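One letter stands for each residue in the lines below.
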Amino acid sequence: MLRVAVVGSGPSGVYTTQELLRQSRVPEVRVHVLDRLPTPYGLVRYGVAPDHEKIKSLQSSLRTVLEDDRITFAGHVEAGGSGGVSPARLKELYHAVVYCVGAAADRPLSVPGEGLPGSLSATEFVSWYSAHPDAAAGDFALLARSAVVIGVGNVAVDVARMLARGAAELRGTDVPRAALDMLGASRVREVHLVGRRGPSAARFTTKELRELGALPRARIIVDGAELALDPAYAAAAGAGEPLPAVVRRNLDVLRGWAGAPPQAAADGERRIRLRFFLRPVELLERQGRVAGVRFARTAPDGSGGVRDTGEHEDVEAQLVLRAVGYRGTPLPGLPFDPVHGTVPHVAGRVVRDGRTSPGEYVAGWIKRGPTGVIGSNRSCAKETVASLVEDAPLLVGREVPADPLAVLRDQGLRPVEWDGWLSIERAESALGRSLGRGRVKIPDWSGLLDAARGGP
Ligand code: NAP
């Protein structure tokens, strides 16, 4: 029997587990899916925006995998860290360990003023409205009238959309109480979504971009002159220019918005301004809080990048969300490549001191960096599991404990197993009912652990 630990129960961890179960070359396999949190599903629960119900519903297919008899979910078990189980110990307890721990940190912007109150990473903001138990409480949405979102990827689009939605639109989602109240009372009327390069270099996908235009109370404002600075934009307007399909579609959507006739502002309307060729150079301060962003105006440099033009533009904002990408963090006891924020590997096999380390693997964002959509994790998991299965005959000969979780319990850990998670789900449904809503997420550690253990 091959005993495997998969660390992380987000999409990459679950797809890795599913791939292991599918392997006919490993007839007998048992997988323990460990997670630092008492809840499964990683970024599907704590990253996918609450109003993206269709993507959220992926949870039901992830659930089918985790409910297989050969799988044990063990939440509230951290790998590495001070109170956690070290990679060395995990290696003793299992024939193979696959780390699917994602990219938990945000990439820094590295400009003066980044740390001012009112300036947040998108990760912090997303964690707050997703009820992540490590999220800090925030009053940011209430205070601001104008918000700047730096970056033009899908995370930037998510946070801009959440700022533009009102309580009525979010009541039907699982957004936690405090975030719903605050977003409902928010006075934000202007959301500036700002890219340092041109529209053809934006990282958002067309479906996500179009969704902004479908928001009930928001108007999208795009400056055609700013679009026209991009050589690809001009080329796309002509016939037959070979551009990647996503770029062409995005440019078409932007062209439609830029060409819309100006309208008088409606009552309570929120304006989302898509801006390009503006590189953030400093966050401006007033009375100890962020008051705006100073941008350097850029222009195409002829090779896909930009150069500064020497001009500047200040945009007023009492809330600044930095959505410039995620970054992997080192897991103590595992090798780490600080340049890419990933664990060095060959086809998913962890590389230690220049050699692959039998029995240790990676998949997902910690393997390939924070790019791609959820489905990208499938092929990534396939590659890793193929390596593991190739190594399995060597690994399976070593004696390991029949019940590694009992060993961990003896060490003082109190894993939350599947029944505990089901109790959390029931408690979240009860909380929602008491508020006249559907299921509502429990936002704090003690609430989650009490619920997992059948408490209040
Ligand atoms: P991303 O796609 O890498 O976008 C990051 C953005 O930040 C880019 O516009 C980038 O511009 C900009 N940026 C980076 N450094 C900057 C700096 N110093 N100053 C100004 N701008 C800077 O990252 P993401 O939005 O965090 O998304 C991560 C992954 O999750 C992506 O693969 C995304 O598609 C996925 N995701 C998908 C969904 C969905 O499908 N609905 C939702 C959320 C996330 P440059 O291009 O110039 O570097």
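Anything mentioned here points back to the structure above.
Since this is a predicted model, take the numbers as computed values, not measurements.

Caption draft 1: Highlighting helix 1 (residues 11-22). An ideal rise of 1.5 Å per residue puts 16 Å on twelve residues; helix 1 measures up with 16 Å between its terminal C-alpha atoms. Most of helix 1 sits out of view: eleven of its twelve residues are buried. By the burial criterion, the buried members of helix 1 are Pro11, Ser12, Gly13, Val14, Tyr15, Thr16, Thr17, Gln18, Glu19, Leu20 and Leu21.

Caption draft 2: Here's a closer look at the packing of helix 11 (residues 206-213) against helix 14 (residues 245-258). It is the contact of helix 11 with helix 14, at a shortest axis distance of 9 Å, that shows an interaxial angle of 10 degrees. Comparing the axis directions of helix 11 and helix 14 gives the class roughly parallel. Along this stretch, helix 11 crosses helix 14, giving a crossing that reads as left-handed. Here helix 11 contributes Thr206, Leu209, Arg210, Leu212 and Gly213 to the contact with helix 14, which in turn contributes Val246, Arg249, Asn250, Val253, Leu254 and Trp257. Considering only residue class, the contact of helix 11 with helix 14 consists of six nonpolar, three polar and two charged.

Caption draft 3: Examining the site of the ligand more closely. Among the 23 residues in the neighbourhood of the ligand, the closest are listed as Arg196, Arg197, Arg203, Glu208 and Gly372. Contacts to the ligand include glutamate 208, whose side-chain N or O atom sits 3.0 Å from a nitrogen atom. In isolation the ligand exposes 920 Å². Once the protein is present, 86% of that is buried. Class assignment of the residues belonging to the shell around the ligand gives a composition of ten nonpolar, seven polar and six charged.

Caption draft 4: Structural view of the packing of aromatic side chains. Here the structure, examined in full by the defined rule, presents five aromatic pairs. Ring centres of tyrosine 41 and tryptophan 421 lie 5.8 Å apart, and the angle between their planes is 85 degrees; on these two criteria the pair is classed as edge-to-face. In this pair, tyrosine 41 sits in the loop between strand 2 (29-34) and helix 2 (42-46) while tryptophan 421 sits in helix 18 (residues 418-434), placing the two residues 380 residues apart along the sequence. Between the NZ or CZ atom of arginine 378 and the centre of the ring of tyrosine 15, over which it lies, the distance is 4.1 Å.

Caption draft 5: Fine view of the sheet that holds strand 12 (residues 289-300). Strand order across the open sheet formed by three strands is 11-12-13, with antiparallel pairing between neighbours. Strand pairing shows two members of the sheet lacking a second neighbour, strand 11 (278-286) and strand 13 (306-316), which therefore form its edges. Taken pair by pair, the neighbouring strands of this sheet meet at an average axis angle of 25 degrees, ignoring direction. Relative to strand 13, strand 12 runs antiparallel, the two being bridged by eight bridges. The residue of strand 13 that forms the bridge with glycine 292 is glutamate 316.

Caption draft 6: Representation of the environment of valine 6. By the element assignment, valine 6 lies in strand 1 (residues 2-7). Along the sequence, valine 6 and leucine 90 sit 84 residues apart, while their C-alpha atoms lie 10 Å from each other. Among residues more than four places away in sequence, those in contact with valine 6 are Gly13, Thr16, Thr17, Leu20, Val31, His32, Val33, Leu34, Val98 and Cys100.

Caption draft 7: Just the sheet that holds strand 14 (residues 319-322), in detail. The strand order across the open sheet built from six strands is 6-14-7-8-10-9, with neighbouring strands paired in parallel fashion. Edge positions in the sheet fall to strand 6 (119-121) and strand 9 (218-222), since each has one partner strand and no second. On average, each strand axis in the sheet is tilted by 20 degrees relative to the strand beside it, whichever way the strands run. Pairing geometry for strand 6 and strand 14, over three bridges, is parallel. Each residue of the ladder has a partner; that of serine 121, found in strand 14, is arginine 322.

Caption draft 8: Examining the pattern of salt bridges more closely. Per the counting criterion, the structure on display carries 34 salt bridges. Between arginine 275 and glutamate 226 there is a salt bridge, with the nearest N and O atoms lying 2.8 Å from each other. You can see arginine 275 sitting in strand 10 (residues 270-275) and its partner glutamate 226 sitting in helix 12 (residues 224-228), a full 49 residues away along the chain. Both residues of the pair, arginine 275 and glutamate 226, count as buried. Across the pair aspartate 308 and arginine 279 runs a salt bridge, and its minimum N-O distance is 2.6 Å. With a gap of 29 residues between them, aspartate 308 in strand 13 and arginine 279 in strand 11 connect regions that are remote in the sequence. A cluster of three or more residues bridged by salt bridges with shared partners is formed by Asp51, Asp158, Arg161, Arg165, Glu169, Glu211 and Arg217.

Rules used in this analysis
- Residues numbered from 1 in each chain as written.
- Predicted model: local features only at pLDDT ≥ 70, side-chain atom pairs only at ≥ 80, totals over all residues.
- Heavy atoms only, no water.
- Helix = DSSP H or I, 4+ residues; strand = E, 2+ residues; numbered from the N terminus.
- Expected span 1.5 Å × (residues − 1).
- Buried < 20%, exposed > 50% of the residue type's maximum accessible area, 1.4 Å probe, protein only.
- Axes fitted to C-alpha atoms, helices over the stretch in contact; angles between N-to-C directions.
- Parallel < 35°, antiparallel > 145°, perpendicular 65-115°, else oblique.
- Left-handed = near helix turned anticlockwise from the far one by under 90°.
- Contact = heavy atoms within 4.5 Å.
- Nonpolar A, V, L, I, M, F, W, Y, C, P; charged D, E, K, R; others polar.
- Near = heavy atom within 4 Å.
- Polar contact = N/O pair within 3.5 Å; in protein donor to acceptor, adjacent residues only side chain to side chain.
- Areas by Shrake-Rupley, 256 points an atom, 1.4 Å probe, with all protein chains shown as cover.
- Phe/Tyr/Trp six-rings, centres within 6.5 Å; stacked < 30°, edge-to-face > 60°.
- Lys NZ or Arg CZ within 6 Å of the ring centre and 35° of its normal.
- Pairing = 2+ DSSP bridges.
- Salt bridge = Lys/Arg side-chain N within 4 Å of Asp/Glu carboxyl O.

The values are spatial; any link to function lies outside them.
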